[in-house]
Amino acid sequence: MNIPKSFMGVNRKWHVHVLTARQIRNRFAKTELTLPDPDTFFGLCVPDTACIYLNKDQHATREFLEHTFCHEMAHAMFFCLGKAEHNEEEIDALGAILHQMWTTQRGTQ
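In this report, the structure presented in the accompanying data block is examined. As the structure is a computational prediction, the values presented were derived from the model and not from experiment. (Residues numbered from 1 in each chain as written. Predicted model: local features only at pLDDT ≥ 70, side-chain atom pairs only at ≥ 80, totals over all residues. Heavy atoms only, no water.)

1. Some remarks on the pattern of salt bridges
Overall, the coordinates contain 1 salt bridge when judged by the stated rule. Between Glu66 and Arg62 there is a salt bridge; the shortest N-O distance is 3.6 Å. Separated by 4 residues within a single helix, Glu66 and Arg62 lie in helix H2 (residues 62-80), roughly one turn from each other. With relative accessibility at 47%, the residue Arg62 sits in the partly exposed group. (Salt bridge = Lys/Arg side-chain N within 4 Å of Asp/Glu carboxyl O. Helix = DSSP H or I, 4+ residues; strand = E, 2+ residues; numbered from the N terminus. Buried < 20%, exposed > 50% of the residue type's maximum accessible area, 1.4 Å probe, protein only.)

2. What to know about the packing of aromatic side chains
Under the criterion given, the structure shown has 5 aromatic pairs. Plain terms: the ring middles of Phe7 and Trp14 are 6.3 Å apart, the flat faces sit at 5° to each other, and that makes the pair stacked. Taking the relative accessible area as the measure of exposure, Phe7 reaches 17% and is therefore buried. Centroid distance Phe7 to Phe69: 6.3 Å. Interplanar angle 80°. Geometry classified as edge-to-face. Within this pair, whereas Phe7 is found in strand E1 (residues 6-8), its partner Phe69 is found in helix H2, the two being separated by 62 residues in sequence. There is no split in this pair, since Phe7 and Phe69 are both buried. Put simply, the rings of Phe7, Trp14, Phe69 and Trp102 pair up and form one aromatic cluster. Sitting over the face of the ring of Trp14, Arg12 holds its NZ or CZ atom 5.6 Å from the ring centroid. (Phe/Tyr/Trp six-rings, centres within 6.5 Å; stacked < 30°, edge-to-face > 60°. Lys NZ or Arg CZ within 6 Å of the ring centre and 35° of its normal.)

3. Points about the pairing of strand E2 (residues 13-19)
With 3 bridges joining them, E1 and E2 adopt antiparallel strand pairing. Across the sheet, Phe7 pairs through a bridge with Trp14, a residue of E2. What sits between the antiparallel neighbours E1 and E2 is a turn of 4 residues, in which Val10 has the positive phi angle 50°. (Pairing = 2+ DSSP bridges.)

4. Considerations on the packing of H2 against helix H3 (residues 88-104)
Packing of H2 against H3 leaves a shortest axis separation of 8 Å and a crossing angle of 120°. Taken together, the axes of H2 and H3 are oblique relative to one another. Note that H2 runs across H3; the crossing there is right-handed. For the pair H2 and H3, contact is made by Glu63, Glu66, His67, Phe69, Cys70, His71, Met73, Ala74, His75, Met77 and Phe78 and by Glu88, Ile91, Asp92, Leu94, Gly95, Ala96, Leu98, His99, Trp102 and Thr103, respectively. By residue class, the composition of the contact of H2 with H3 is 11 nonpolar, 6 polar and 4 charged. (Axes fitted to C-alpha atoms, helices over the stretch in contact; angles between N-to-C directions. Parallel < 35°, antiparallel > 145°, perpendicular 65-115°, else oblique. Left-handed = near helix turned anticlockwise from the far one by under 90°. Contact = heavy atoms within 4.5 Å. Nonpolar A, V, L, I, M, F, W, Y, C, P; charged D, E, K, R; others polar.)

Right, dumping it as structure tokens:
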């Protein structure tokens, strides 16, 4: 599975950034956004800027990084639907389903 640099969601371009914890800290140093500790979080979806951040320091395998992207994309999908409150169990389940669908797809039509 290839993690995209961007994708469209409800006529809005979402950007995906795969960064180190240090790069994430630097990127948000001068903002008012309260972030989880970049040394411990896996991914983050920021609807105000339509960005997904993946912390590459926290992923032991490519598969785990891909799963995290799918989880954060599920958050983006809910934001695109106008839903600000997200149930993490549902988001994680949807992310897991998306990841499995993408990684097991076969053939073309």
